[in-house]
Structure formats: structure tokens, C-alpha cells
Amino acid sequence: MGAGTEPAEAQCDSLEGRIYLDYNATTPLAPEVSQAVWDAMCQAWGNPSSSHPAGNKAKELIGSARQSLANMLGGCPEDIIFTSGGTEANNMVIHTACRHFHDSQRGTGNSQGIPHIVTSSVEHDSIRLLLEQLGKEGLAEATFVPVSPRSGQAEVDDVLAAIQPNTCLVSLMLANNETGVIMPVAELSQRVCALNRRRAAQGLPRILVHTDAAQMIGKGRVDVQELGVDYLTIVGHKFHGPRIGALYIRSPGTATPLHPMLFGGGQERSFRPGTENTPMIAGLGQAAELVNKNWEAYEAHMRDVRDYLEATLEASFGKQRIRFNSHFKGSKRLCNTCNFSILGPGLQGCRAPVARSTCSSRKRFSGQL
């Protein structure tokens, strides 16, 4: 279950008396975001590639949004590429890593076969299904590292143990949407960086590091300098923005490779061509502005609501009948996410109203709300 930052009254009114608890799946648009989208539709309708005033206005708006996202993440505006959403951003990273692996092997006389990617067993389907498909086609190998039952995390030592000579990418989500557990991405980046220095001396390919930050942005601090990643996925509709995304790349095309999946008019420096969706980009920029200004207040409020809920559940059902599946000693978790089970005979969980923090409505109810 994922709670949000909207006042309870607004949440109830929009759902005819029901309280919306599925914020990890999607969030309603902030009023400021809706206004930014509308203003862009009415006032910045020009093609951003055109040199006349209408086009320039759209171009300026896109540049401003790019800067807002960079400010939110502690990066540079040149490091932000707009995408249709998180799925495209994740696919672009994996496509790039495989392409870079093959490029790095050409002319070396030291072929390592096909690329190998390490990820966790709890990633979004846009990671898992793509890797499974590449495996079926014989284009890549993948290792899915299970999360530890002790910490709820994909442990750094376990991820590093899965690395092979042909490994080209490690992808680990920043926070899990079901448990809320925050993954040790910064430590992983540091360890991979040290490993890459040894691999370079051995003539082995560089391992790139990617994190899908969809669940973390808007609920806690996200700083790309602290994380040390090469790529970071941004999903607007997880933090009161529109259904559009972006990809952070550390100095794309120079320090960090990035290869397009599409070819066209050269937009986004040809990394992601196609006429830009100015209204959605404007909304994403506004959502980033709100996060940048308010994330500490958002985090404190959501943590208070989550802790109140958990205390009330424990008081209502008793410590023996309630189990909090997100409580792992030593592991941090998202401020808004509560994953629990109610234990005992005779419970008809399938008849109870369920709110789950999931990105897919096709998942079967497993007894966890």
C-alpha cells in the first residue's frame, strides 16, 4: 500500500468517499502540474524545432523543464533525455549496454561472447521481460539476484558475486514498490567502480550501473552524485506529474554511452528523436519543481501517516495477528509504503477491499494488502 501527499478530503472526494491508497502505482496530478500542462497546450503549441517565436517558446519551456529535473537530481540539464515513460527509459539503458558491449569487443581479439546483465528478482517488468526476451533470442544473458529474506534487499555481495567476465550492466531499482525497501545502490556503485578499474587492466568490458528511481522520487532524497550511477530512470506519474518519463545519463555520449532505439528528426540530440510532447514535458518539469522545493515536507508527512496506520493496525488486530512484511532490521524503507498480512484462521482476504502498491492490475492477490 502506498499513501500520498494529497489532503485526505481531496482523496475521498475524487473517489466518491473512498480513500485512495495506490500511490505507488500512480498519483493524481498536482494542481500546479495540471495548470502547467494546460498553459503549455494553449501558449506553447509551436514545434520546438522551428525557429519562429511559437517554436522558440516551446523550446524554452522544454529547456526550463530539463533544468528543473536536473536540479531535482543534482545533475546537469545536458544529462536529461525525455522519454515516453519509465518503460522506454529502462529499455534504452539495456539496449545501450548491449550495444556498448559489442562495440567494446570489436578489434580487441578478446571476445567475451554475448553480453551479460545482472539485476534483481524484484525489478519492474520493463527490465525483467526484456531480459527474458533477449535470453530467448540468444542476444544476452541475465542473472536475477534474489532479495535477502533478512534485509529485503538485493545484497551488494550477492550482486557482485553474479558478475561474470562478459557482464556489461548492473540494474538495481532504488526502492521496491511492494515492500518499500530501499536498495543499496550507492554502495553498489562504489564497489562496481572499483571493480571496473581492475577489469580495465584485464581487458574486460566496463560494467555500467543503472537504477530505476520510479518509486523513490518525491518520497526521499535522490542525488545522482551520491548514488554514483551511470543511468537513472524518472517516471513522472509517480510524483504527481503526467505520464511521461526521462532518463538521466552521466554525460551522455561522452563519459557514458547512450544509443538511440529510434531514428528520426534529431530531437533530444538524436538520442530520442520525435517531436517533443511539450505539454507533458512542462508538467513533468513542474512536478520536479514541487519535489525539489517540498520533498522533505512530503517525506515527513507520509512517514507520519504510515506510522499512524501501522500503529492503528497493531492496536486493532493485536501484535500476534498482524505482520508487517516491510520491517527488516537495518534496512530503510519508503516513507509511504506499508506491506502487511493479517494472520489467523477463518479470514476471507479475497472479500476484503484491497489497496496494493503495484504497477500492474493483473497481479493476483497474495494475501498482502
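Above: the structure in question.
Structure report, in brief. Counting from 1, residues in each chain are numbered in the order their sequence is written. Thresholds applied to this predicted model are a pLDDT of at least 70 for local features of residues and 80 or more for the giving and counting of side-chain atom pairs; totals over whole chains, interfaces and linings are not thresholded and use all residues. Each side-chain value is derived from all of the structure's non-hydrogen atoms; neither hydrogens nor water enter the calculation.

**Let's talk about helix H7 (residues 185-202)**
Given a rise of 1.5 Å per residue, 18 residues ought to cover 26 Å, and the 25 Å separating the end C-alpha atoms of H7 matches this to within 8%. Within H7, burial applies to Val-185, Leu-188, Ser-189, Val-192, Leu-195, Asn-196 and Arg-199. In the core, the buried residues of H7 are packed alongside helix H6 (156-161), strand S4 (167-171), strand S5 (208-212) and helix H8 (224-227). Under the scheme used here, helices are H or I runs from DSSP no shorter than 4 residues and strands are E runs no shorter than 2 residues, and both carry numbers assigned from the N terminus. Expected span, for any helix, means 1.5 Å times one less than how many residues it has. Classification of residues uses two cut-offs on accessible area relative to the type maximum, computed with a 1.4 Å probe and protein chains only: under 20% is buried, over 50% is exposed, and between them is partly exposed. Only heavy atoms matter for contacts: two residues are in contact if any of them lie within 4.5 Å across the pair.

**Some points on unusual backbone geometry**
With phi around 50 degrees, Ser-251 is a residue other than glycine that occupies positive phi space. The residue Ser-251 is located in the loop between strand S7 (245-249) and helix H9 (278-317) in this model. Positive phi is not limited to glycine here, since Arg-269 has a value of about 55 degrees. The exposure class of Arg-269 is partly exposed, given its relative accessible area of 41%.

**Here's the deal with the side chain of His-237**
As for its position among the elements, His-237 is in the loop between strand S6 (231-235) and S7. Within the structure, the side chain of His-237 is placed 2.8 Å from the side chain of Thr-26, a separation counted as a polar contact. In protein, a polar contact means a hydrogen-donor-capable atom and an acceptor-capable atom, both N or O and within 3.5 Å, with residues adjacent in sequence counting only if both atoms are side-chain atoms; elsewhere, any N or O pair within 3.5 Å suffices.

**Describing the packing of aromatic side chains**
Working definition: a ring pair exists when centres of Phe, Tyr or Trp rings (six-membered ring for Trp) sit within 6.5 Å. Plane angles under 30 degrees give stacked, over 60 give edge-to-face, the rest tilted. The full count for this structure, using the stated rule, is 1 aromatic pair. When the ring of Tyr-20 is compared with that of Tyr-23, the centres are 5.1 Å apart and the planes differ by 55 degrees; the resulting orientation is tilted. Judged by its relative accessible area of 22%, Tyr-20 is partly exposed. For Tyr-23, a relative accessible area of 2% gives the class buried.

**As for the sheet that holds strand S3 (residues 141-145)**
Working definition: the strands of a sheet are paired by backbone hydrogen bonds and lie parallel or antiparallel to each other. Note on pairing: DSSP must find at least two bridges between two strands before they are called paired. Read from one edge to the other, the open sheet built from 7 strands follows the order S1-S7-S6-S5-S4-S2-S3, with strand pairing classed as mixed. Since the sheet does not close on itself, it has two edges, and those belong to strand S1 (80-83) and S3, each with one partner. Neighbour to neighbour, the strand axes of the sheet diverge by 20 degrees on average, direction disregarded. Across 3 bridges, S4 lies against S5 in parallel orientation. By the bridge assignment, Leu-169 is partnered in S5 with Leu-208. Orientation is described by axes fitted as lines to C-alpha atoms, over the contacting stretch for helices, and by angles from 0 to 180 degrees between their N-to-C directions. Against the sheet, helix H5 (residues 125-136) touches strand S2 (116-120), S3, S4 and S5, its axis set at about 140 degrees to S3.

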